[in-house]
Amino acid sequence: MTRFAGKFDPIQLRSGGVGTNAGAAADAVSVGDTFGSIRATSPKYDQIAADAMQTRSQEKQAAMQAEAAVTSAAVQAKASVKAAEKSASASKTGSMFGAIGSIAGAAIGLSDESTKHTVDTIEDALETLRNLRPVTFFYKEEYSASPERMHHGFIAQEFQKEMPDATYYDENIGKLCIDTTDLIGLLVRANQQLETRLMRLEAKQALAAV
């Protein structure tokens, strides 16, 4: 009977088998928890990539907006400069013609005898007018609102040689100007002189025919 000294216990075997399976299951759960924990705490590369793409898109959009703003500012600045130059030119022109107009207005409006002295009759207007050089001209763009318009008049430097008292320097624009109202008296006197000469010539012809 010594052959069966070791007693076979099927229950114990089953018990050991159950214990072994439970340990393996526990190990499996432990490993799963570990990987789950690692995955939960590891960087979210998909989210990082998405955030990076969004950031690049925002940066590109900001750069485009900045470039558009700079371009717009440059265009506005250029337009402002051009408008300022045009305004300055118009102001300068207005000042020039305003000064001429005020002098002419004063000369025409103020003619009372009590305001004058040393009044003398013009003896020879023809000589003075003969030495003047009437010209046609166009004002440069910076001195006229209508540079395409042709004018009739004189050159101040030439006019000054014959009629210095009717020529003046405008400090506001830094240019030489003339008062053409002084020509009115000369033109009237020249017409009188020519009429007198014509009458004398007609009288001579009438006497010669007798």
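All values reported here derive from a predicted model rather than from experimental measurement.

Cut-offs applied
Residues numbered from 1 in each chain as written. Predicted model: local features only at pLDDT ≥ 70, side-chain atom pairs only at ≥ 80, totals over all residues. Heavy atoms only, no water. Helix = DSSP H or I, 4+ residues; strand = E, 2+ residues; numbered from the N terminus. Buried < 20%, exposed > 50% of the residue type's maximum accessible area, 1.4 Å probe, protein only. Polar contact = N/O pair within 3.5 Å; in protein donor to acceptor, adjacent residues only side chain to side chain. Contact = heavy atoms within 4.5 Å. Phe/Tyr/Trp six-rings, centres within 6.5 Å; stacked < 30°, edge-to-face > 60°. Salt bridge = Lys/Arg side-chain N within 4 Å of Asp/Glu carboxyl O. Pairing = 2+ DSSP bridges. Core = buried A, V, L, I, M, F, W, Y, C linked by side-chain atoms within 4.5 Å.

1. Topic: the side chain of S144
Next, step 1: Its place among the elements puts S144 in the loop between β1 (135-138) and β2 (150-153).
Next, step 2: Given the relative accessible area of 12%, S144 is considered buried.
Next, step 3: Here S146 takes part through its backbone nitrogen, which lies 3.0 Å from a polar atom of the side chain of S144.

2. Observations concerning the side chain of T167
Next, step 1: Tracing the sequence through the fold places T167 in strand β3 (residues 167-170).
Next, step 2: At a separation of 3.0 Å, a polar atom in the side chain of T167 contacts the main-chain carbonyl oxygen of M163.
Next, step 3: Every residue in contact with T167, bar those within four places of it in the chain, is listed here: A156, F159, Q160, L176, C177 and I178.

3. Section: the packing of aromatic side chains
Next, step 1: Across all of its chains, the model carries two aromatic pairs by this definition.
Next, step 2: Each ring, one from F137 and one from Y139, has its centre 5.2 Å from the other, and the planes form 90°; the classification is edge-to-face.
Next, step 3: Taking the relative accessible area as the measure of exposure, F137 reaches 19% and is therefore buried.
Next, step 4: With a centroid separation of 5.2 Å and 50° between ring planes, the pair formed by F154 and F159 is classed as tilted.
Next, step 5: Classification of F159 by relative accessible area gives buried; the value is 1%.

4. Quick notes on the pattern of salt bridges
Next, step 1: Counted under the stated rule, the structure contains two salt bridges.
Next, step 2: Among the ionic pairs, E127 bridges to R130, the shortest N-O distance being 2.7 Å. A residue pair is termed a helical-turn pair when its members lie 3 or 4 positions apart in one helix, as E127 and R130 do in helix α3 (residues 125-131) at three residues.
Next, step 3: Put simply, R133 and E158 hold a salt bridge, and the shortest N to O gap is 2.8 Å.

5. Here's the deal with unusual backbone geometry
Across the chain, the bulk of peptide bonds are trans and the bulk of non-glycine residues have phi less than zero.
Next, step 1: Positive phi values are uncommon outside glycine, yet T118 reaches one of about 55°.
Next, step 2: Inspection of the secondary structure puts T118 in the loop between α2 (45-109) and α3.

6. Let's talk about the environment of K175
Next, step 1: Within the element layout of this structure, K175 appears in strand β4 (residues 175-178).
Next, step 2: Between the C-alpha atom of K175 and that of A156, which follows or precedes it by 19 residues, the distance is 9.3 Å.
Next, step 3: Among residues more than four places away in sequence, those in contact with K175 are Y143, Y168, Y169 and D170.

7. Remarks on the pairing of β4
Next, step 1: As defined by bridge partners, β3 adjoins β4 across four bridges and the pair is classed as antiparallel. The residue bridging Y169 from the neighbouring strand is L176, located in β4.

8. A short note on the nonpolar core
Next, step 1: Among the nonpolar cores identified, the biggest contains 11 residues, and these are A125, L126, L132, A156, F159, M163, A166, I178, L183, L186 and A190.
Next, step 2: Of all elements in the fold, only α3, α4 (156-162) and α5 (182-209) reach the threshold of two or more residues within this core.
Next, step 3: No other element matches the three residues that α5 contributes to this core.
Next, step 4: Those residues within four positions of A166 in sequence are excluded, and the remaining contacts are F159, C177, I178, D179 and D182.

9. Digging into the pairing of β2
Next, step 1: Residues of β2 alternate between two faces, with H151 and G153 buried on one and M150 and H152 left unburied on the opposite face.
Next, step 2: Strand direction decides the pairing type here: β1 and β2, joined by four bridges, are antiparallel. Paired with F137 across the bridge in β2 is H151.

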